[in-house]
Amino acid sequence: MSTAVTPYPEVTLTEAQLRSLDVPGPRYTSYPTADRFVEAFGPTEYRQALRQRAQGAVVGGVPPLSLYVHIPFCDSLCYYCACNKIITKHHSRGRDYLGLLAREIDLHVAELGTGQGLTQLHLGGGSPTFLSDEELSDLMGLIRGAFRLLPQCEVSIEVDPRTASRQRMRHMAAIGFNRVSFGVQDFDADVQAAVHRVQSFESVQELVAEARALRFESINADLIYGLPRQTPESFRRTIAQVAELRPTRIALYAYAHLPQRFKPQRRIDAAALPTGEQRVQMLGNALAGFIGNGYVYIGMDHFALPNDALAVAKRQGRLHRNFQGYTTQPECDLIGLGVSSIGRVGATYSQNAKTMSEYEDALAQGVLPVVRGLALNRDDLLRRTVIMALMCQGRVEIESVELAHLIDMRETFAPEFERLKPLAEMGLVEVTDQAIQVTPTGWFFVRAVAMIFDRHLQADKVRERFSRII
């Protein structure tokens, strides 16, 4: 079989090997993944987890606390979007929603007490910038009234450039935001029209310049490859434009076309989607383009400038991963506020009601709006340790895992070690008596390595709900 050199730096794989890797798989922002949550875990179980945290009844001490607030509203529909969102022009709904968030915050304070210290706060959506400046101020007031933002707290917000201005950037800085993420996706006019999200390069350039002048600690740009009407050539232009903007971080996501699950995607012409070969080329061009412009490849979907905290953490082996992706934060408890939000407290995961009516009904009854979740068992905790070590450090220290979980890894994971052999033959991973080490080539396909240890995924083989690895 002939060997094909792919666009990846230092990666040489056959076409057959590439095809074997181009399969759907989780992004592992958690393990087990959210599709494994069950309705048997509800408000009672979540409240118990909060109480255990409040009482300090946690092995190893109480972990740091992170807060995520979901703002579901958007002014217009982006056809590719798989987020939980509500499309509306009625901005009065933002004010009503703040009232609901206030109730949910009160329910958490009743269990945790006032003044829990936050090391991380993130507003996502939807579009957090759907809220007015006054509403953003009021929301920050609610949060500060219930929690304590620690001096080094990362306070971040997702910004739709179409709903922001220089003045808005100044206001966000004034009320405490120190990190910002701009939804770019693609700068090509044809692609923007195909996904119903039109915004100019110049408008984003202006906002990035203002964020830099305001000394935001981190400026991120989100991109998506695999969108309709995208070509390797058009996306190469977008890569060059983003590199010109010089954000401190770049998140590059593969579009997952799942119209059977996400109704807005039915408006996308499937015939206009790029081929698998084109997607590989786009990803290769992005890797070469960003690395060539001085960015460090953090892993899977993240790039950062060498002096950014994320790049420093990667060099020092201190990367972590949560529901927002790669982070410098250590293992945190995460409280999710708002419709559909996901949280993690202790050895549990939880998710709020996905519909506004169900979310409102729970709060009206004075009940935490958790509708499903999971209490992790011993096997889940073990596999989470292994998968997160692979995803974050690219290395599993066998002795460390054995001592922490009182197991024999070779015996416990005998089938998994067998499934690693083809990946080792491809040069993606090296297995020794001391460690499982992801190679530089394997780092580009780290999800494929992590999937080997996913008991749920290996058991049912139903993977079409996930994005593809390439």
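Anyway, here's the lowdown on the structure attached to this text.

Moving on, we get to the pairing of strand S16 (residues 342–345). What you see with S16 is no split at all: Ile342 and Arg344 on one side and Gly343 and Val345 on the other are buried throughout. Bridge analysis of S16 against strand S17 (residues 348–352) gives four bridges, and the strand direction is antiparallel. Note on S17: the bridge partner recorded for Ile342 is Gln351. The turn joining S16 and S17, which pair antiparallel and follow one another in sequence, is formed by two residues; a positive phi near 60 degrees is taken by Gly346.

Inspection of every chain in the model, using the stated rule, returns 11 aromatic pairs. Geometrically, the ring pair formed by Phe73 and Phe130 is tilted, given 5.3 Å between the ring centres and 35 degrees between the ring planes. Taken together, the positions of Phe73 in strand S4 (residues 73–74) and Phe130 in the loop between strand S6 (116–125) and helix H4 (133–146) put the pair 57 residues apart, joining distant regions of the chain. In terms of burial, Phe73 and Phe130 fall into one category: buried. Ring centres of Tyr97 and Tyr359 lie 6.2 Å apart, and the angle between their planes is 40 degrees; on these two criteria the pair is classed as tilted. With Tyr97 in helix H3 (residues 92–112) and Tyr359 in helix H11 (residues 356–364), this residue pair connects regions lying 262 residues apart in the sequence. Taken together, the aromatic side chains of Phe290, Tyr295, Tyr297, Phe303 and Phe444 make up a single cluster linked through ring pairs.

Take the pairing of strand S3 (residues 65–71) next. Counting buried positions along S3 yields seven of seven residues, so the element is predominantly enclosed. Direction of pairing for S3 relative to strand S15 (residues 333–337): parallel, over a ladder of five bridges. Within S15, the residue paired with Leu67 across the bridge is Ile335.

Consider a sheet: its strands pair through backbone hydrogen bonds, and that pairing is either parallel or antiparallel. Taken together, three strands build an open sheet; the order of strands is S19-S21-S20 and the sheet is antiparallel. Strands with a single pairing partner mark the edges of an open sheet, and in this sheet they are strand S19 (395–397) and strand S20 (429–431). Averaged over all pairs of adjacent strands, the angle between strand axes in this sheet comes to 10 degrees, irrespective of strand direction. Where S19 lies against strand S21 (residues 435–438), three bridges are found, and the strand directions are antiparallel. Looking at the pairing, Arg395 lines up with Gln437 of S21. Strands S19 and S21 of the sheet are contacted by helix H13 (residues 398–405), whose axis makes an angle of about 55 degrees with S19. Sheet contacts for helix H15 (residues 414–425): S20 and S21; angle to S20, the most-contacted strand, approximately 130 degrees.

What follows covers the packing of helix H7 (residues 201–213) against helix H8 (residues 232–245). Between H7 and H8, whose axes approach to 10 Å, the crossing angle comes to 25 degrees. As judged from the angle between their axes, H7 and H8 are roughly parallel. As H7 packs across H8, the resulting crossing turns out to be right-handed. Between H7 and H8, the contacting residues are Phe201, Val204, Gln205, Val208 and Arg212 on the first element and Gln241, Glu244 and Leu245 on the second. Split into classes, the residues belonging to the contact of H7 with H8 amount to four nonpolar, two polar and two charged.

Considering the arrangement of structural elements, one finds Leu305 in the loop between strand S12 (302–304) and helix H10 (309–316). By relative accessible area, which is 11% here, Leu305 ends up buried. With near-sequence residues (within four places) excluded, Leu305 lies in contact with Arg246, Pro247, Thr248, Gly294, Tyr295 and Ala311.

Before going further, it helps to spend a moment on unusual backbone geometry. Residue Pro32 is bonded to the preceding Tyr31 through a cis peptide linkage, with omega at -5 degrees. A cis amide bond, omega 25 degrees, links Gly125 with the succeeding residue Gly126. With respect to the helices, strands and loops of the structure, Gly126 is situated in the loop between S6 and H4. Of note in the backbone geometry, His196 takes a positive phi value of approximately 60 degrees without being a glycine. Its location among the elements puts His196 in the loop between helix H6 (189–195) and H7. Located in the positive-phi region is Arg229, a residue other than glycine, with phi close to 70 degrees. Assignment of secondary structure puts Arg229 in the loop between strand S9 (218–225) and H8.

Rules used in this analysis
- Along each chain, residue indices are assigned from 1 in the same order as the chain's sequence is written.
- Where totals are concerned, whole chains, interfaces and linings use all residues; where local detail is concerned, this predicted model gives features only for residues with pLDDT of at least 70, and gives and counts side-chain atom pairs only at 80 or more.
- Computation of side-chain values covers all heavy atoms of the structure but excludes hydrogens and water.
- Here's how the labels work: a residue is buried when its accessible area is under 20% of the maximum for its type, exposed when over 50%, partly exposed in between, all with a 1.4 Å probe on protein chains only.
- Starting at the N terminus, helices and strands are each numbered in turn, a helix being any DSSP run of H or I of at least four residues and a strand any DSSP run of E of at least two.
- Two strands qualify as a pair provided that DSSP identifies no fewer than 2 bridges between them.
- Between 30 and 60 degrees the pair is tilted, below 30 it is stacked and above 60 it is edge-to-face, where a pair is any two Phe, Tyr or Trp rings, Trp via its six-membered ring, whose centres lie within 6.5 Å.
- Axis lines are fitted through C-alpha atoms, for helices just across the contact stretch, and the angle between N-to-C directions can take any value from 0 to 180 degrees.
- The contact rule is simple, with two residues in contact once any of their heavy atoms fall within 4.5 Å.
- When an angle is under 35 degrees it counts as roughly parallel; over 145 it counts as roughly antiparallel; between 65 and 115 it counts as roughly perpendicular; any other value is oblique.
- Left-handed is the label given to a crossing in which the near helix is rotated counterclockwise from the far helix by less than a right angle, and right-handed is the label when the rotation is clockwise.
- In this classification, the charged set is Asp, Glu, Lys and Arg, the nonpolar set is Ala, Val, Leu, Ile, Met, Phe, Trp, Tyr, Cys and Pro, and all remaining amino acids, among them Gly, are polar.

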